[in-house]
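# Inside the fold
Each chain is listed here by its residues.
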Amino acid sequence: MGATGSCLHQPGSYLPSFVEVSGHEELRAKYRFRKVTGKDHTYLTREQFTDLLGPSPCTEGLFKYVDTDGDGTVSFNEIHKEITAFRSIKSPQAKLQVLYNFYDSDHDGKISRSEVADAMVVACGQALPKTQLEQLVNSTMEVFDADKDGFLNFSEFSTLMWTSGLELR
């Protein structure tokens, strides 16, 4: 992340190594993927992905996160790579980086006010009244946007998460 200017995150870039998935696990996963996509397709469209997980800001964010090549579809390889990477995360700092990358939905290296609002909707599990959501975003930015640039950088986001009592094991 940071000031790289990349539009897409670098999957696994925050990880020292990947946890191996057994051949049996991979075969089972491929079978399940093909069962969902059909034997002639090697990818899920955004619509199929949303149908499987249900429409929500979280589903949309997860799709964008897993679609690492940015082609608007998710292949088995993309899903497999992200699951393998996620399973290998050990440190709370690395887990926090995954959350940061997830909430930074436009992958510009910072979390905007609208991304904070989306994160709050995901965290609450329901739509909040617009005025309540705006108040939450305003107070969050007032407290945690230390450099007052209108965005949360990784350090500011980390402070927000640790202050909120988030436990990353």
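Residues numbered from 1 in each chain as written. Predicted model: local features only at pLDDT ≥ 70, side-chain atom pairs only at ≥ 80, totals over all residues. Heavy atoms only, no water.

By the naming in an unreviewed UniProt entry, the chain goes by EF-hand domain-containing protein and is assigned to Sphagnum troendelagicum.

### Some remarks on the packing of aromatic side chains
Going by this rule: Stacked, tilted and edge-to-face are the three classes applied to pairs of Phe, Tyr and Trp rings, where Trp contributes its six-membered ring and a pair requires centres within 6.5 Å; stacked means planes under 30 degrees apart, edge-to-face means over 60, and tilted covers the rest. Every helix listed is a DSSP run of H or I at least four residues long, and every strand listed is a run of E at least two residues long, numbered separately from the N terminus. Relative accessible area decides the class of each residue, using a 1.4 Å probe on protein chains only: under 20% of the type maximum gives buried, over 50% gives exposed, and in between gives partly exposed.
One pass over the structure, following the stated rule, counts six aromatic pairs. With centroids separated by 5.4 Å and ring planes inclined at 85°, the aromatic side chains of Tyr100 and Phe154 adopt a geometry described as edge-to-face. Of the two residues, Tyr100 sits in helix H5 (residues 92-103) while Phe154 sits in helix H8 (residues 154-163), which places them 54 residues apart along the sequence. Tyr100 sits in the buried class, given a relative accessible area of 1%. Among the aromatic side chains, those forming a connected cluster through ring pairs are Tyr100, Phe102, Tyr103, Phe154 and Phe157.

### A look at the layout of surface pockets
To keep it simple, the criterion reads: The way it works is a 1 Å grid over only the protein atoms, where trapped points that fit a 1.4 Å probe form a cavity and open points with protein on both sides within 12 Å along at least five of seven lines form a pocket, and then any residue with an atom within 4 Å of a point lines it. Grid points are joined across faces, edges and corners, and a volume is the space filled by probe spheres set on the points. Under the grouping applied here, Gly and all other residues not named as nonpolar or charged are polar, the nonpolar ones being Ala, Val, Leu, Ile, Met, Phe, Trp, Tyr, Cys and Pro and the charged ones Asp, Glu, Lys and Arg.
Considering only enclosed or pocket space, the largest pocket measures out at about 750 Å³ in volume. Residue lining of the largest pocket: 28 residues in total, with Val66, Ile79, His80, Glu82 and Ile83 positioned closest to the centre. Of the residues forming the lining of the largest pocket, the biggest block, nine residues, is contributed by helix H4 (residues 76-87). Considered class by class, the residues forming the lining of the largest pocket number 20 nonpolar, two polar and six charged. One number sums up the size of the second largest pocket: a volume of about 270 Å³. Elements that contribute at least two residues to the lining of the second largest pocket include exactly helix H6 (113-124), helix H7 (130-144) and H8. With five residues, H6 is the largest single contributor of residues to the lining of the second largest pocket. Split by residue class, the lining of the second largest pocket holds twelve nonpolar, two polar and no charged.

### Overview of the packing of H6 against H7
Note the threshold: Axes here refer to lines fitted to C-alpha atoms; in helices the fit is confined to the stretch in contact. Angles between the N-to-C directions go from 0 to 180 degrees. Here is the rule for angles: anything less than 35 degrees is roughly parallel, anything more than 145 is roughly antiparallel, 65 through 115 is roughly perpendicular, and the remaining ranges are oblique. By definition, any crossing whose near helix is turned counterclockwise from its far helix by less than a right angle is left-handed, and any crossing with a clockwise turn is right-handed. Contacts are assigned to residue pairs with any non-hydrogen atoms lying within 4.5 Å of each other.
Where H6 contacts H7, the axes come no closer than 10 Å and their chain directions differ by 120°. Compared by their axis directions, H6 and H7 come out oblique. As for the relative orientation of H6 and H7, their crossing is right-handed in sense. Between H6 and H7, the contacting residues are Arg113, Val116, Ala117, Met120 and Val121 on the first element and Leu133, Leu136, Val137, Asn138, Thr140 and Met141 on the second. Looking at side-chain class alone, the contact of H6 with H7 contains eight nonpolar, two polar and one charged residues.

### A closer look at unusual backbone geometry
A positive phi is found at His107, a non-glycine position, where the angle reads about 55°. Assignment of secondary structure puts His107 in the loop between H5 and H6. Even without being glycine, Lys148 reaches a positive phi, approximately 55°. Counting through the fold element by element, Lys148 comes out in the loop between H7 and H8.

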